[in-house]
Amino acid sequence: MEPDSKPDGIARLLVEERARLLRFLAARGAGDEAEDVLHELWQRVVATPSQPLADPLAYLFRAAENVMRDRSRSAISRERRQQAWHEASFGAHEEATGERVLIARQRLREAEAVLAAQGPRVSTAFRRYRLDGVGQAVIARELGVSVSSVEKDLQKAYRALSRLREKFDAE
Amino acid sequence: MGMSAESDDLLREDARLWAIRVSDPAFADWDAFAAWLEQDPAHNAAYEAALDDLEGVDALFDVPPAPLPSPAPAYVPPARVPRRWRMPAAAAGVALLAAGGSWLALDHRAQQDYATAPGERRTVDLADGSRIVLNGGTRLTFDAARPREIAMLQGEALFEVRHDQARPFVVTTKDGARLVDVGTVFNVVNRDGALDVAVAEGAVDYRGSGAVIRLAAGDMLTRASATATPVKRTVDPGAVGGWRSGFLQFTDAPLRTVAEDLARNLGKPVVIDDALAARRFSGTIVLDGAPDAVMARVAPLLGARLVRDGEGWRITRPDGPPR
C-alpha cells in the first residue's frame, strides 16, 4: 500500500492478509468500498504503537468488524433508531423521570422472569456473559459444557428476550 | 424477498448465533464468518439486525432494580482521615447523581458517587471485603446494586479486591475499557482517558477495543489516550500504590505526569513548562513534610527550577528566564 514505509508486526500482517481482510470487508457490507475501508484500517494500525497481542490476525478482523459496525450505525439510522428506541421505551411523549424508572423496572422484572423460565443453565450463561463480562470459553469451563452449548444457551436466552422486546414494542 | 416465513426464521436464528459468537472478545473464526456472509447478501443485513436486537436486549438490563433496603457498600473513614470526607448521600446508602456526561446514562440509576479534592485521600470499604483507596482529585461511581462494577471517571485509586470467582470485580473507564480482576491489588490512574494500570498482587485483565491483555504482578499497562494502543512494561510491584505510604515512584514517566501526580497528592496546582513536559523521569519522590518542603526537594531531582505560581508552583527550565 505505502511502498516507501517499512511496516512491521501488525501492519505487515495487514498487508500479508490483505486478500482475506478484503473478502471479509466486502461481505460484511463494504462491497465496492472494501479497499477504502482497508486503507482506513491500515492508517489506524500504523498510527498506533506496537503492543503485545495474543492473536494479531484476530485483532485485525475485530478492528475491521468494529469499523463496519460503526459505519452501519452512523450511516442509516442513528437518528431513526434512537427515535424508535425512545418511543418504544418511553412512549412518544416523554413521561416524567419517575414514570420512566417505574416502566424500566417493571420491564426488567419481566425480563428476569423470562430469563429464569429458560432454565438455570441458560440463565447462568446469560448472566455470566452479559452482566459479568465473562468470555464464552470460561463459561463453558465453569458449566462443564462445550463452547457451542454455551452459544446455544445464549441464543435461547436472547431469542426469548427478543420476543419480550417485541411485546414491549407493541405495547 | 420471496422468502418463506420459515426460512426467514432460520436466517434470523443463524444471524443471532453469529452475532453471539462474534460478540465474544475471544472469537477467532473469522473465515467461517466471512464464508457465511458471502453465501447471500441478505446474511449481512440479518446479522446487522441481530446486532441491533442483541443491543436492545442488553439495554433491558441497564436498569437497576429498586434500591436495596440495606445498602451493600458501607463507607468507613480511616482513623486519620478528616470527617468532612463523609458524604451524607453515601451514608444514606443511595445517592442520585445528576450526570453531566452521557456515557453512563446515570439519570435514572441508584448511584454511589465518591469524590476527593486534590490533596485529599479517602478509603471506601465495600461490603464484600474489598477496599478502594482514592487518591486526591479522583471521582468514581458505582451502581448500588452492583458494587463490584466501578466506573472510574478521573484520578487515581488503589483497589484491594476480595476475589470472587462467581462475581468478577470490574473497573470501567468512559472510553469502554474494562479491567477485570483475577484476585488482586492494583492501582489505576485515569487522566482524561490516559490510563496507567499497575498490578501489585494477583492479576488483572485489560479489555479494550477488541484486545485482552493479562497483567500480572509487576506489570504496568500505559495507554497515552483513550484511542491510543496500550503498552505493557515492568515495574516494582512493591512500589505500586506507593502514594499511600508517602512516596511516588516513577519509571520513565514524562514530567507532565510527574507534575499531575504531585498536584493530586499535594493538593496544590503544579504546572510544567511545555518545553519540559515530555522530558522523562525515573526515581522516587518522598511526600514527607509540607508541600513547600516536598517541592523544594523535587526540583533538583527533576533537573528543573521551581517558581511560585499563585497557590502552587511552576516547574521550569533551570536556565529559563525568571518569571
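Before reading on, note that the structure itself is shown above.
Just so we're clear, the structure is a prediction, and the values are computed from it rather than from any experiment. (Residues numbered from 1 in each chain as written. Chains lettered and ligands numbered in written order. Predicted model: local features only at pLDDT ≥ 70, side-chain atom pairs only at ≥ 80, totals over all residues. Heavy atoms only, no water.)

**Section: the side chain of Arg-28 of chain A**
Here is step 1: By the secondary structure assignment, Arg-28 of chain A is in helix α2 (residues 18-30).
Here is step 2: Separated by 2.8 Å, the side chains of Arg-28 of chain A and Glu-48 of chain B make a polar contact.
Here is step 3: Once residues lying within four places of it in the same chain are set aside, the contact partners of Arg-28 of chain A are Glu-65, Met-68 and Arg-69 of chain A together with Phe-33, Leu-37, Asn-44, Tyr-47, Glu-48 and Leu-51 of chain B. (Helix = DSSP H or I, 4+ residues; strand = E, 2+ residues; numbered from the N terminus. Polar contact = N/O pair within 3.5 Å; in protein donor to acceptor, adjacent residues only side chain to side chain. Contact = heavy atoms within 4.5 Å.)

**Some points on the pattern of salt bridges**
For side chains bearing opposite charge, pairing can occur when the charged atoms are close.
Residues and elements named next belong to chain A.
Here is step 1: If you walk through the whole model with that rule in mind, you get 35 salt bridges over all chains.
Here is step 2: With its nearest N and O atoms 2.7 Å apart, the salt bridge here joins Arg-128 to Glu-142. In this pair, Arg-128 is assigned in helix α6 (residues 120-131) and Glu-142 in helix α7 (residues 136-143), connecting sequence segments 14 residues apart.
Here is step 3: Using a relative accessible area of 8% as the deciding quantity, one classes Arg-128 as buried.
Here is step 4: We classify Glu-142 as partly exposed; its relative accessible area is 37%. (Salt bridge = Lys/Arg side-chain N within 4 Å of Asp/Glu carboxyl O. Buried < 20%, exposed > 50% of the residue type's maximum accessible area, 1.4 Å probe, protein only.)

**Some thoughts on the environment of Val-235 of chain B**
Residues and elements named next belong to chain B.
Here is step 1: For Val-235, the location among the structural elements is in the loop between β13 (231-234) and β14 (247-254).
Here is step 2: Under the relative-accessibility criterion, Val-235 is labelled buried at 12%.
Here is step 3: Sequence separation between Val-235 and Val-199 is 36 residues, and the spatial gap between their C-alpha atoms is 8.7 Å.
Here is step 4: Among residues more than four places away in sequence, those in contact with Val-235 are Ala-198, Gly-218, Asp-219, Met-220, Val-240 and Thr-251.

**Thoughts on the interface of chain B and chain A**
One widely used convention gives an interface's size as the accessible area the parts lose upon coming together.
Here is step 1: Taken residue by residue, the interface counts 56 residues in chain B and 53 residues in chain A.
Here is step 2: Note on chain B versus chain A: buried area summed over both sides is about 4,800 Å², and carbon and sulfur give 54% of it.
Here is step 3: Across the chain B-chain A interface, the total number found is 10 salt bridges.
Here is step 4: Among the ionic pairs, Glu-48 of chain B bridges to Arg-69 of chain A, the shortest N-O distance being 2.6 Å.
Here is step 5: Counting across the interface, chain B meets chain A through 21 residue pairs in polar contact (both at pLDDT 80 or more).
Here is step 6: Listed by contribution, the elements that provide at least two residues to the side of chain B that touches chain A are α1 (5-23), α2 (30-39), α3 (41-60), β11 (211-216) and β13 of chain B.
Here is step 7: A per-class count over the side of chain B that touches chain A returns 29 nonpolar, nine polar and 18 charged. (Buried area = accessible area lost by both parts, 1.4 Å probe. Nonpolar A, V, L, I, M, F, W, Y, C, P; charged D, E, K, R; others polar.)

**Description of the pairing of strand β10 (residues 203-208) of chain B**
Looking along a regular strand, one sees side chains alternate from face to face of the sheet.
Residues and elements named next belong to chain B.
Here is step 1: Most of β10 is tucked away: six of the six residues are buried.
Here is step 2: Of the two faces of β10, the one holding Ala-203, Asp-205 and Arg-207 and the one holding Val-204, Tyr-206 and Gly-208 are both buried throughout.
Here is step 3: The pairing of strand β7 (residues 178-181) with β10 spans four bridges and is classified as antiparallel. Considered in β10, the bridge of Leu-179 is made with Tyr-206.
Here is step 4: The pairing of β10 with β11 spans six bridges and is classified as antiparallel. Bridging across to β11, Val-204 finds its partner in Leu-215. (Pairing = 2+ DSSP bridges.)

**Comments concerning the packing of helix α8 (residues 147-170) of chain A against α1 of chain B**
Here is step 1: At their nearest, the axes of α8 of chain A and α1 of chain B sit 9 Å apart, and the two run at 120° to each other. Classed by the angle they form, the pair α8 of chain A and α1 of chain B counts as oblique. When you trace α8 of chain A past α1 of chain B, the crossing you get is right-handed. Packed against α8 of chain A, whose contacting residues are Glu-151, Leu-154, Gln-155, Tyr-158, Arg-159 and Ser-162 of chain A, the element α1 of chain B presents Glu-13, Arg-16, Leu-17, Ile-20 and Arg-21 of chain B at the interface.
Here is step 2: Within the contact of α8 of chain A with α1 of chain B, the residues separate by chemical class into four nonpolar, two polar and five charged. (Axes fitted to C-alpha atoms, helices over the stretch in contact; angles between N-to-C directions. Parallel < 35°, antiparallel > 145°, perpendicular 65-115°, else oblique. Left-handed = near helix turned anticlockwise from the far one by under 90°.)

**Considerations on the packing of α8 of chain A against α3 of chain B**
Here is step 1: Relative orientation of the contacting elements α8 of chain A and α3 of chain B amounts to 80°, with a least axis distance of 9 Å. One element, α8 of chain A, and the other, α3 of chain B, form an angle in the roughly perpendicular class. For the pair formed by α8 of chain A and α3 of chain B, the contact residues are Tyr-158, Leu-161, Ser-162, Arg-165 and Phe-168 of chain A on the first element and Asp-52, Asp-53, Leu-54, Gly-56, Val-57, Asp-58 and Leu-60 of chain B on the second.

**Notes on the nonpolar core**
Here is step 1: One finds Phe-126 of chain A together with Phe-33 and Phe-61 of chain B to be the most contacted residues of the largest nonpolar core, which totals 65 residues.
Here is step 2: By residue number, the principal contributor to this core is helix α4 (residues 56-90) of chain A, which donates nine residues.
Here is step 3: Not counting residues up to four positions away in its chain, the partners in contact with Phe-61 of chain B are Leu-108, Ala-111, Glu-112, Leu-115, Phe-126, Arg-130, Leu-131 and Leu-161 of chain A together with Arg-146 of chain B.
Here is step 4: Of all hydrophobic cores here, the second largest spans 32 residues; its members include Ala-198, Met-220, Val-235 and Ala-277 of chain B. (Core = buried A, V, L, I, M, F, W, Y, C linked by side-chain atoms within 4.5 Å.)

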